[in-house]
Amino acid sequence: MNKGIIIAGVVVVTACAALVAPRMLKPKAVLEEAPVPVVQAQMPELGDIVLYRNLVGTVEPSDVVYIYPKAAGEITNVFVKAGDLVTEGQEICTIDTKQVDSARLSMEAAKTALDNANSNLARQQALYSAGDIAYAAYEQVQMQAKSAKIQYDQAKLNYDYQMEFSHITAPISGKVEQCDVEIHDNVAQQSMICVISGAGSKAITFSVTEKIVDQMNVGDSVIIEKNGKEYQGSITEISSMIDAATGLFKIKASVENGDALPTGSVVSLYVVSERASQVMCIPVDAIYYSGGDAYVYTYSGGVVRRLPVEVGIYDSVQAQILSGLDMTDQVITTWSSELVEGVEVKVVGEVDRDGLALEETGLEPGSEADFEQQEDAQAE
């Protein structure tokens, strides 16, 4: 019986050994290390950032004149209408000032007196040369001729003025924008007869605040938009005095190829509101915020460093860094959930142990929301 028990025990031990031996002989699994994240990084660069502000402006001709009569009277003829093109000196209308005929008669009388005085002077000169009259008599005739000449010149000048007052002409070449007079209308000196815009390019006038005007310079570019079409322009005038009616500074800009813009129409325009030239810039997507404070991640000594920064102006592409970085810092420009202070990372383009250039792994541009979620997870 004892022999049977011994044999049974041997059989059990053998069976157990057969089950355990394969497990004992199986090689242990090797734990693989998690790959080190590969990030993109770049150093800050010097660049320009220009921000634009949307404003509203009014189209005006580059040259514009408002014509008023110099004397009151009745309109006797009108030679143009709104929309006509005129040349400098072309007659616009005539006004009966009741003074032209009188001035003409005065001039003709003065001319007759002058002719008589000159004829008498010629006769007296011949007599004086022959010694038939004294020098005093000849001198008196000379003075009479000079006086007649002065009176004629005055009469002619008055007649020319009256003709100018009566015949209204265009002072510049251009387009008649407005003409509101008709034959038999009575006009006064304060009555506007017509408006003529110059044949040159159009101009845009608009107003800005003191903060904006400090950023503007003559020659700065301006983008004008009307009915979906854009026009290029540049600032030509910057007022140094505040308009008492609006409390703003008046600005004037020229427009290239703006003949299609109707005079007096309202346009949308974009002007420089802020400018930073040759400042330290980094991609705007590389900046994150926590509690309103800005920070960036940098690559230093093979690990991630979180640095607070002070941000200046920024657009959709880049941001100005006022402090917190220098030009040699490598700013990480991609985002990963593993991007944490002190974490080991590698930079795209570095060479690994096999001599191969590293490629980016599972990273994407960051966002403030992503990092806030990341911080919440770390806090938990």
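Residues numbered from 1 in each chain as written. Predicted model: local features only at pLDDT ≥ 70, side-chain atom pairs only at ≥ 80, totals over all residues. Heavy atoms only, no water.

Let us now look at the packing of aromatic side chains. In the structure shown here, the tally under the stated rule is 6 aromatic pairs. Taking the centre distance of 6.1 Å and the plane angle of 10° together, the rings of Tyr161 and Phe165 count as stacked. Of this pair, Tyr161 and Phe165 both sit in helix α3 (residues 135–166), 4 residues apart, roughly one helical turn. Tyr161 sits in the partly exposed class, given a relative accessible area of 42%. Cluster of aromatic residues (ring-pair linked, three or more members): Tyr128, Tyr135 and Tyr138. (Phe/Tyr/Trp six-rings, centres within 6.5 Å; stacked < 30°, edge-to-face > 60°. Helix = DSSP H or I, 4+ residues; strand = E, 2+ residues; numbered from the N terminus. Buried < 20%, exposed > 50% of the residue type's maximum accessible area, 1.4 Å probe, protein only.)

Its place among the elements puts Thr205 in strand β12 (residues 202–208). Its relative accessible area of 10% is what places Thr205 among the buried residues. Apart from residues lying up to four places away in sequence, Thr205 is in contact with Gly57, Thr58, Glu60, Lys250, Ile251 and Lys252. (Contact = heavy atoms within 4.5 Å.)

This paragraph deals with the side chain of Gln320. You can see Gln320 is positioned in strand β21 (residues 318–323). Residue class for Gln320 comes out buried when judged on its relative accessible area of 12%. Ignoring any residue separated from it by four or fewer positions in sequence, one finds Gln320 in contact with Ile49, Ala276, Val279, Met280, Glu310, Val311, Gly312 and Ile313.

Within the open sheet, the 4 strands sit side by side as β8-β7-β5-β10. Their pairing is antiparallel. In this open sheet, the two strands that pair with only one neighbour each are β8 (167–169) and β10 (186–187). When strand β7 (residues 91–96) meets β8, the two strands line up antiparallel, connected through 3 bridges. Within the sheet, the bridge partner assigned to Cys93 lies in β8 and is Ile168. This element, α3, spans β7 and β8 of the sheet and lies at about 65° to β8. (Pairing = 2+ DSSP bridges. Axes fitted to C-alpha atoms, helices over the stretch in contact; angles between N-to-C directions.)

Take the nonpolar core next. Grouped together as the largest cluster of nonpolar side chains are 20 residues, with contacts concentrated most on Ile204, Phe206, Val208, Met216, Ile224 and Leu269. Of all the secondary-structure elements, those providing two or more residues to this core are β3 (45–61), β12, α4 (210–213), β13 (221–226), β14 (229–242), β15 (249–255) and β16 (266–283). Ignoring anything within four residues of it in the chain, the contact list for Met216 reads Phe206, Val208, Ile235, Ile238, Ile251, Val271 and Val272. Judged by nonpolar contacts, the second largest core, of 16 residues, contains Val86, Ala170, Val187 and Cys194. (Core = buried A, V, L, I, M, F, W, Y, C linked by side-chain atoms within 4.5 Å.)

Quick look at helix α2 (residues 100–130) now. Taking 1.5 Å of rise per residue, 31 residues should cover 45 Å, and α2 covers 45 Å from first to last C-alpha, within 8% of that figure. Buried positions along α2 lie against α3. (Expected span 1.5 Å × (residues − 1).)

Here we take up the confidence of the model for the protein. Confidence along the protein averages 82 in pLDDT terms, with 82% of residues attaining 70 or more. Per-element mean pLDDT across the protein ranges from 43 in helix α5 (residues 368–379) up to 95 in β21. Predicted confidence is poor over residues 353–357, with pLDDT under 50, and the contacts of this stretch with residues over four places away or in other chains come to 5 contacts. Low pLDDT, under 50, characterises residues 360–380; the predicted model gives this stretch 40 contacts beyond four residues in sequence or across chains. (pLDDT = per-residue confidence, 0-100.)

On to the sheet that holds strand β11 (residues 194–198), then. As summarised here, the arrangement of the 4 strands in space is β4-β11-β9-β6, forming an open sheet in which the pairing is antiparallel. Looking along the sheet, the strands with just one partner apiece sit at the ends: β4 (64–67) and β6 (85–86). Sheet analysis places β4 next to β11, joined by 4 bridges and oriented antiparallel. Bridge pairing in β11 places Val64 opposite Ser197.

For the rest of this paragraph, the subject is the state of the cysteines. Taken as a whole and assessed by the stated rule, the structure comprises 0 disulfides. Considering cysteine sulfurs only, Cys194 is the nearest to Cys179, which forms no disulfide, with 5.3 Å between them. (Disulfide = S-S within 2.5 Å.)

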